[in-house]
Amino acid sequence: MLLLARFLPLLLTAFWWFFDWPAPAPTAPPPPKREFRAVWIATVDNIDWPSRRGLPADSQKVEFQRMLDMHQRAGINAVIVQVRAAADAFYAKGSEPWSVWLTGQQGRAPEPFYDPLEFMIEEAHSRGMELHAWFNLDRATFSKNTVVTPDHISLRRPDWMVAYGGRKLFNLGLPEVRSYVTGIVTNVLRNYDVDGIHFDDYFYPYHVPGQIFNDDSTYRVLNTTGLKKEDWRRANVDKLIHQLHDSIQTIKPYVKFGISPFGVWKNQAQDPEGSPTFGGMTAYYNLYADVRKWVKEGWVDYVAPQVYFSSGFDKVPYRALVNWWSKNSFNRHLYIGHGTYRLGNVRERDKKWFDPAEMPGQVRYNRQYPSVHGSIYFSSRSLMNNPYSFRDSLLTDLYRFPALVPAMPWKDAEPPYPPRSLKAMPTPGGVELAWQKPENAADGDAVRYYVLYRFAEMDKLTTEDPRHILALCIGEQTNRYVDRTAEPDKKYTYVLTAVDRMHNESAPARLDIKIP
């Protein structure tokens, strides 16, 4: 029997070939049931939101709601929102001043008053989206023309600053600076229901020709172990990342911690463990960010390298870099950062960015790797502008079916209890389904949303195929749904599961019904 099972596919192929009959088409794999589908919403310099400085609060709200609606229709299930761009704030409960990009003047509150982060979290969660709070670590001021409040940290603690590239940057070699940054983050953790804490690629600054980042005095005083300056800087960032990880674990261990580094850690020519790339820039040598170490040590829950390169770029080919990261994610989540802003950009020299198949091809390529858990797109405005109809590709093809955010078992592996008392009743408007909320799970977690599946009479009953997802029912108090697409005189099986905030899915509740 084992031999027959092994050779049966070959025998069937030969049979079809001998009689010159067309072979049956291969069955297409189902789309992913779980996939992180996110977009960065940049607030610095009003890249994405708000559309301009000083926009009235009500207009800001409408813009954000419309943005989320567009992304939700395209299948996006998470947003990464920049809440601190330059030692400022897009939230009320903090010590740093209101952002100039929010209200038009640093330190001025929104009018009429509201808390933007609180509002954004509510709007995202009501649509079944995660919201990750994105912080910039290094910037205290954005340019030499920045006008700051009298109590701004750059004025209160000038000894913490290094002037570089027309900006004032935090000196991460100082333990007080690292504690200050950690305090800013933990304050948001305590006061807001964020799903994740997110940092981008700015640790030590990108090189500015003709300028030196002068942290010599700090290095001389605090380098007590005799490290070279490059290694000392990396050790400073290591300490900050480790400190942040421990703080998040202590305060809210269910909150995810993610980093979006520059795409190349090291080139293979610099280190045999590096990627087969030939870029001049690396996260390790130029930004002093040993991201691979952070992932390997488990200090971060996900890494989202900015693979803003095309599949045809010879120095840093997209596919080679994704392949390398897939082998170096060390059982943490890997989300690929896509540069949608480059599509059709007239300043681009790489012709691949003018190929409508480039970005869909990147997403399809990612799905070949089980260790790639999804994508994040930079940025919101470029995705909404729909370059080469890429957003349409998401809506009608790549993200046509919903996907649950991947679970993180190292943080929480306890599923909710299944929904109770699932019932269905045919009505003139469709099949009305109702159920009762289960008790909180063994770990105390409540239900965050429900997944409703529908199967026709001959369908295989599996909750792993998202093509059978009829609806995501958002909110723990939700207990009703009307299926308006059920056809008369057919038999259906409905399956309902409960999902917690960490996207652990319960055992199914099942119900069979014949539509009259």
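Residues numbered from 1 in each chain as written. Predicted model: local features only at pLDDT ≥ 70, side-chain atom pairs only at ≥ 80, totals over all residues. Heavy atoms only, no water.

### With respect to the overall build of the chain
The line we're drawing: Put simply, DSSP marks the helices as runs of H or I at least four residues long and the strands as runs of E at least two long, and each gets a number from the N terminus on. Exposure is judged per residue with a 1.4 Å probe applied to protein chains only, and the accessible area is read against the type maximum: over 50% gives exposed, under 20% gives buried, and values in between give partly exposed. In this analysis, two residues are considered to be in contact whenever any of their non-hydrogen atoms come within 4.5 Å of each other. Under the convention used here, a 1.4 Å probe and the Shrake-Rupley method define accessible areas, while residue burial counts only the protein chains that appear.
Helix and strand counts for the chain stand at 14 helices and 17 strands. The principal-axis extent of the C-alpha atoms belonging to the chain is close to 80 × 60 × 45 Å. For the chain, the proportion of its 516 residues judged to be buried stands at 53%. Residue pairs in contact within the chain that sit at least 24 positions apart in sequence constitute 71% of those at least 6 positions apart. Total accessible area on the chain stands at roughly 23600 Å², and carbon and sulfur atoms take up 54% of it.

### Brief notes about the side chain of Asp200
Definition in use: The convention is simple: Lys and Arg are positive, Asp and Glu are negative, and His and the chain ends are not counted. Whenever Lys or Arg places a side-chain nitrogen within 4 Å of a carboxyl oxygen from Asp or Glu, that contact is recorded as a salt bridge. A 3.5 Å cut-off defines polar contacts: any pair of N or O atoms within that distance qualifies, except that in protein one atom must be a possible hydrogen donor and the other a possible acceptor, and neighbouring residues in sequence count only when both atoms are side-chain atoms.
Relative to the elements of secondary structure, Asp200 occurs in the loop between strand E6 (196-199) and helix H7 (216-222). For the buried Asp200, no salt bridge is present, and the opposite-charge side chain at shortest range is Arg139, 5.6 Å distant. A distance of 3.0 Å separates a polar atom in the side chain of Asp200 from a polar atom in the side chain of Asn136. Within the local environment of Asp200, its side chain forms a polar contact with the backbone nitrogen of Tyr202, the two atoms lying 3.2 Å apart.

### A short note on helix H11 (residues 318-327)
In an α-helix, one turn spans 3.6 residues; hence positions three or four apart end up facing the same way. Buried residues of H11: Tyr318, Leu321, Val322, Trp324, Trp325 and Ser326, and no others. Of the surrounding secondary structure, the elements contacted by the buried residues of H11 are helix H10 (291-297), strand E8 (302-303), strand E9 (333-338), helix H12 (358-366) and strand E10 (372-377).

### Points about the pairing of strand E16 (residues 491-499)
Put simply, the rule is: Here, strands pair whenever DSSP counts at least two bridges between them.
In terms of residue burial, E16 counts as a mostly covered element, since 8 of its 9 residues are buried. Here strand E13 (residues 449-456) pairs with E16 via 8 bridges, running antiparallel. In the strand pairing of E16, Leu452 is matched with Leu496. By the bridge criterion, 6 bridges tie E16 to strand E17 (residues 509-514) in an arrangement that is antiparallel.

### Brief notes about the pattern of salt bridges
Opposite charge on two side chains permits pairing when their charged atoms draw close. A complete count under the given rule lists 31 salt bridges for this structure. For the salt bridge of Asp271 with Lys266, the shortest nitrogen-to-oxygen distance reads 2.8 Å. Note on Asp271: relative accessible area 14%, which makes it buried. Overall, Lys266 belongs to the buried group, its relative accessible area being 7%. In this structure, the salt-bridge partner of Asp512 is Arg510, at a minimum N-O distance of 3.6 Å. For the residue pair Asp512 and Arg510, the accessibility class agrees, reading exposed in each case. Look at the salt bridges and you will find they share partners, linking Asp193, Asp195, Arg448 and Arg501 into a network.

### Quick notes on the environment of Val291
Inspection of the secondary structure assignment puts Val291 in helix H10. Assessed through its relative accessible area of 1%, Val291 is described here as buried. Placed 100 residues apart in sequence, Val291 and Arg391 show a C-alpha to C-alpha distance of 30 Å. Dropping the residues within four chain positions of it, Val291 is found in contact with Pro261, Trp265, Ala283, Val303 and Trp325.

### Comments concerning the confidence of the model for the chain
Worth spelling out the cut-off: Confidence scores here are pLDDT values: one per residue, from the predictor, ranging 0 to 100.
Averaged over the chain, the pLDDT score is 94; the fraction of residues at 70 or greater is 95%. Across residues 1-25, confidence stays below pLDDT 50; counting only partners more than four residues off in sequence or on other chains, it has 5 contacts.

### Brief notes about the packing of aromatic side chains
Rules: Only centres within 6.5 Å qualify two rings of Phe, Tyr or Trp (six-membered ring in Trp) as a pair; their planes then separate them into stacked at under 30 degrees, edge-to-face at over 60, and tilted for everything else. Sitting over a ring, as applied to charges here, requires NZ of Lys or CZ of Arg to be within 6 Å of the ring centre and within 35 degrees of the ring normal.
Evaluation of the coordinates by the stated rule reveals 36 aromatic pairs. With a centroid separation of 5.8 Å and 90° between ring planes, the pair formed by Tyr341 and Phe378 is classed as edge-to-face. Here the residue Tyr341 occupies a position in the loop between E9 and H12, and Phe378 occupies one in the loop between E10 and helix H13 (380-384), the gap between them amounting to 37 residues. Clustering of aromatic rings is evident, with ring pairs tying together Trp49, Phe64, Phe90, Tyr114 and Phe119. Its guanidinium or amino end placed over the ring of Tyr202, Arg139 lies 5.5 Å from that ring's centre, counting from NZ or CZ.

### A short note on the nonpolar core
Convention followed: Buried Ala, Val, Leu, Ile, Met, Phe, Trp, Tyr and Cys residues form a nonpolar core when they are joined through side-chain atoms within 4.5 Å.
Counting 104 residues, the largest nonpolar core has Phe135, Phe170, Val194, Ile197 and Trp294 as its most contacted members. Among the elements that line this core, the one with the most residues is helix H6 (residues 175-191), at 7 residues. Not counting chain neighbours up to four residues away, the residues in contact with Val194 comprise Ile121, Leu131, Ala133, Val188, Leu189, Val255 and Arg501. Judged by nonpolar contacts, the second largest core, of 18 residues, contains Val431, Tyr494, Ala498 and Ile513.

### Quick notes on the sheet that holds E17
Worth spelling out the cut-off: Note on geometry: axes are C-alpha line fits, over the in-contact stretch for helices, and angles between N-to-C directions span 0 to 180 degrees.
One open sheet holds the 4 strands; their spatial order is E14-E13-E16-E17, and the pairing between them is antiparallel. For this open sheet the edge positions go to strand E14 (469-474) and E17, each flanked by a neighbour on one side alone. Strand-to-strand, the axes of this sheet are offset by a mean angle of 20°, without reference to chain direction.

### Some remarks on the environment of Trp410
Structurally, Trp410 is set in the loop between helix H14 (390-398) and strand E11 (420-427). Overall, the relative accessible area of 30% leaves Trp410 in the partly exposed class. Sequence-wise, Trp410 and Asp301 are 109 residues apart; in three dimensions their C-alpha atoms are separated by 8.8 Å. Here the side chain of Trp410 touches Asp301 through a polar contact of 2.8 Å, side chain to side chain.

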